Amino acid sequence: MNIIRKYFDLDKLGTNIKIEFLAGLTTFVSMSYILFVNPNVLGVSGMDKGAVFTATALASALGCFIMGLASNYPIATAPALGINAFFAYTACLGMHVKWQTALAAVFVASFIFILITMFKLREKIIDAIPVDLKHAISAGIGLFIAFLGLANAGLVEASKSTFVTVGSLKNPTVWIAIFGLLVTIVLMIMNVPGAIFIGMVLAAIFGIVTGQIKLPTAVVSSAPSIAPTFGQAFKHIGDINTMQMWVIVLTFLLVTFFDTTGTLIGLASQAGLMKDNKMPRVGRALAADSGAMMAGSILGTSPVGAYVESSAGIAVGGKSGLTAVFVGIFFLISMIFSPLLSVITTQVTAPALIIVGVLMAQNLAKVDWTKLEIAVPAFLIVIGMPLTYSISDGLSWGMITYPITMIAAKRGKEISPMMWVLFFIFIIFMWVLNA
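Quick look at the structure, then. These numbers come from a predicted model, not from an experiment. (Residues numbered from 1 in each chain as written. Predicted model: local features only at pLDDT ≥ 70, side-chain atom pairs only at ≥ 80, totals over all residues. Heavy atoms only, no water.)

**Structural notes on the nonpolar core**
Okay, step 1: Counting residues in hydrophobic clusters, the biggest one holds 121 residues, and the most contacted among them are Phe 87, Ile 129, Ile 137, Phe 252, Met 279, Phe 331 and Met 399.
Okay, step 2: If sequence neighbours within four positions are ignored, Phe 87 has contacts with Leu 42, Ser 45, Met 47, Cys 92, Trp 99, Ala 102, Leu 103, Val 106, Phe 252 and Ser 302. (Core = buried A, V, L, I, M, F, W, Y, C linked by side-chain atoms within 4.5 Å. Buried < 20%, exposed > 50% of the residue type's maximum accessible area, 1.4 Å probe, protein only. Contact = heavy atoms within 4.5 Å.)

Pasting the structure below:
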């Protein structure tokens, strides 16, 4: 135990193994839905859902282990939502690209990703972003995941006339989320340790008692074979030989790059791990998600990246890489206990996301709203992430606007060369996505 405490600097960080375990379990429960969502999304491309399930668990676990052991950050990784939809619906169904070739595109993108990380380009980008915008990124991610939680709960839903509207209370599953949210709020105000995790457990029990969540038919099952997808990326690298395929590679690269960069900044800020506007050991953290992305493509899944749901574990008290290691262990265990995960519905995890959104929104107080040249790009980042349903899109709004507002305020000399590089990169990024 002493070896573990020293390796992860638990005493220095003011945490312990029990807290890190609970944080890891909370993060895993919050993001375990990806084990079921990812196979369903990628399945439409013709991929074997069982193989994708196993690949998702293995790639997520590997990324978590690298993140925890190498960078000592409480940040978990898994195949990212959004980009998996691009993989299945845009690349495979829309552009008629074979899923094997799409996996090859992910592999090539991850290789470029690793090169960028090795040359510390991502590290320089993170250090160059002004502190006010870093706080805005963290707050924006908070609003994004709170909106995600409200949508998962059924408390808000799509509307043709008003875009979004309040959900129907006639839907019985909504009451699972409402119950869980109220319980979690009360427990947190009472300063009960592990309030978020306890809230999820009680919400699941409430759903079972009311008959809205079915008890699993089994407890243990064997993990599906990964053979149908394993290594297909290697076999089809030669298919990356057209402009269309390079556009797909570039899209995988840019979306994953900015999504994970924004997420890492936001989570590090929430955990209080930023030092003098810089993220210690950021190079190792970036190597973890880029390495996991490559491994995921080989195993048979869409790009892997840092997960915003890690904020749930951080809110419980997770501060070290031991949290991420525990998440990785839970992903491995999940392969044989997959039937039990059916109890953890989106309504059960929704309250955790909403509460974490509240906690991360506190970063709004740290933004200098008195200076319009700062307030405008910061606001666009904060509002852009939930309204576009994309961390990278919201980030681009702010990064493109920042140099313009600073020049208008006659503060152009304060714009670093890297921020100018980001200005043009984000313009290209938006063009590629729309093209």
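**A word on the side chain of Glu 20**
Okay, step 1: Within the fold, Glu 20 resides in helix α3 (residues 17-31).
Okay, step 2: An unpaired buried charge is present at Glu 20: no salt bridge exists, and Lys 319, the closest side chain of opposite charge, is 7.8 Å distant.
Okay, step 3: Polar contacts involving the side chain of Glu 20 include one to the main-chain amide nitrogen of Lys 319, which spans 3.0 Å.
Okay, step 4: If we skip the residues at most four places from it in the chain, Glu 20 touches Leu 10, Thr 15, Gly 317, Gly 318, Lys 319, Ser 320, Leu 322, Thr 323 and Phe 326. (Helix = DSSP H or I, 4+ residues; strand = E, 2+ residues; numbered from the N terminus. Lys, Arg positive; Asp, Glu negative; His and termini not counted. Salt bridge = Lys/Arg side-chain N within 4 Å of Asp/Glu carboxyl O. Polar contact = N/O pair within 3.5 Å; in protein donor to acceptor, adjacent residues only side chain to side chain.)

**A few points about the environment of Lys 214**
Okay, step 1: Here Lys 214 is to be found in the loop between α11 (195-209) and α12 (232-235).
Okay, step 2: In this structure the C-alpha to C-alpha distance between Lys 214 and Ser 342, which are 128 residues apart in sequence, comes to 8.1 Å.

**Quick word on α11**
Okay, step 1: The end-to-end C-alpha distance of α11, which contains 15 residues, comes to 21 Å, matching closely the 21 Å that a straight helix rising 1.5 Å per residue would cover.
Okay, step 2: Inspection of α11 places Ala 195, Ile 196, Phe 197, Gly 199, Met 200, Ala 203, Ala 204 and Gly 207 among the buried residues, and these make up the whole buried set.
Okay, step 3: Two residues or fewer after α11 comes Gly 211, characterised by a positive phi angle close to 80 degrees. (Expected span 1.5 Å × (residues − 1).)

**Quick word on the pairing of strand β2 (residues 156-159)**
Okay, step 1: Here 4 bridges tie β2 to strand β3 (residues 163-166), and the two strands are oriented antiparallel to one another. Directly across from Ser 159, in β3, lies its bridge partner Phe 163.
Okay, step 2: Between β2 and β3, which follow one another and run antiparallel, lie 3 residues. (Pairing = 2+ DSSP bridges.)

**Examining a nonpolar patch on the surface**
Okay, step 1: A cluster of nonpolar residues, Phe 179, Ile 198, Val 201, Leu 202, Ile 205 and Val 209, forms a patch on the protein surface that exposes about 460 Å² of accessible area.
Okay, step 2: Counting residues per element, the nonpolar patch draws most heavily on α11, at 5 residues. (Patch = residues over 30% accessible without salt bridge, like charges linked within 9 Å, V, L, I, M, F, W, Y side chains within 5 Å. Areas by Shrake-Rupley, 256 points an atom, 1.4 Å probe, with all protein chains shown as cover.)

**Describing a positive patch on the surface**
Okay, step 1: Side chains of Lys 12, Lys 275, Arg 281 and Arg 284 sit close together on the surface and give a patch of like positive charge.
Okay, step 2: One can find Lys 275 in the loop between α13 (243-270) and α14 (282-299).
Okay, step 3: Residue Lys 275 is classed as exposed on the basis of its relative accessible area of 51%. (Charge placed at Lys NZ, Arg CZ, Asp CG, Glu CD.)

**Points about the pattern of salt bridges**
Okay, step 1: Tallied over the full model, the rule gives 4 salt bridges.
Okay, step 2: Put simply, Asp 11 and Arg 5 hold a salt bridge, and the shortest N to O gap is 3.1 Å.
Okay, step 3: Several salt bridges share partner residues, and in doing so they unite Glu 373, Arg 411 and Glu 414 into one network.

**Notes on unusual backbone geometry**
Okay, step 1: A positive phi angle, near 60 degrees, is found at Asn 72, a position not held by glycine.
Okay, step 2: In this fold, Asn 72 is placed in the loop between α5 (49-71) and β1 (77-79).
Okay, step 3: Overall, Asn 72 belongs to the buried group, its relative accessible area being 10%.
Okay, step 4: Even without a glycine there, the phi angle at Lys 410 is positive, about 60 degrees.
Okay, step 5: Tracing the chain through its elements places Lys 410 in the loop between α19 (391-408) and α20 (417-434).

**Here we look at the packing of helix α18 (residues 372-388) against α19**
Okay, step 1: Where α18 meets α19, the axes come as close as 7 Å, and the angle between the chain directions of the two elements is 165 degrees. Comparing their axes, α19 and α18 come out roughly antiparallel. Remark: the crossing between α18 and α19 carries right-handed chirality. Residue-level inspection shows Glu 373, Ile 374, Val 376, Pro 377, Leu 380, Ile 381, Gly 384, Met 385 and Thr 388 of α18 in contact with α19, the latter providing Ile 391, Asp 393, Gly 394, Leu 395, Trp 397, Gly 398, Thr 401, Tyr 402, Thr 405 and Met 406.
Okay, step 2: Among the residues making up the contact of α18 with α19, the classes are represented as 11 nonpolar, 6 polar and 2 charged. (Axes fitted to C-alpha atoms, helices over the stretch in contact; angles between N-to-C directions. Parallel < 35°, antiparallel > 145°, perpendicular 65-115°, else oblique. Left-handed = near helix turned anticlockwise from the far one by under 90°. Nonpolar A, V, L, I, M, F, W, Y, C, P; charged D, E, K, R; others polar.)

**Overview of the packing of aromatic side chains**
Okay, step 1: Taken as a whole, this structure holds 11 aromatic pairs when the rule is applied.
Okay, step 2: On the basis of an interplanar angle of 90 degrees and a centroid distance of 5.1 Å, the ring pair of Phe 28 and Phe 331 is categorised as edge-to-face. Pair noted here: Phe 28 is in helix α3 and Phe 331 is in helix α16 (residues 321-334), with a separation of 303 residues, a long-range link.
Okay, step 3: Residue Phe 28 is classed as buried on the basis of its relative accessible area, which comes to 6%.
Okay, step 4: Exposure remark for Phe 331: the relative accessible area of 0% places this residue in the buried category.
Okay, step 5: One aromatic cluster is present, formed by Phe 21, Phe 28, Phe 326, Phe 330 and Phe 331 through successive ring pairs. (Phe/Tyr/Trp six-rings, centres within 6.5 Å; stacked < 30°, edge-to-face > 60°.)

**Here we look at the environment of Trp 420**
Okay, step 1: Within the element layout of this structure, Trp 420 appears in helix α20.
Okay, step 2: Considering only alpha carbons, one finds Trp 420 and Tyr 402, 18 residues apart in sequence, at a separation of 9.4 Å.
Okay, step 3: When near neighbours in sequence (up to four residues on either side) are disregarded, Trp 420 contacts Pro 403, Ile 407 and Ile 415.

**Remarks on α14**
Okay, step 1: Compared with the 26 Å implied by 1.5 Å per residue over 18 residues, the 26 Å span of α14 between its first and last C-alpha is a close match.
Okay, step 2: Within α14, 14 of the 18 residues are buried, which leaves it mostly tucked inside the rest of the structure.
Okay, step 3: In the stretch just after α14, Gly 300 is the one whose phi turns positive, near 120 degrees.

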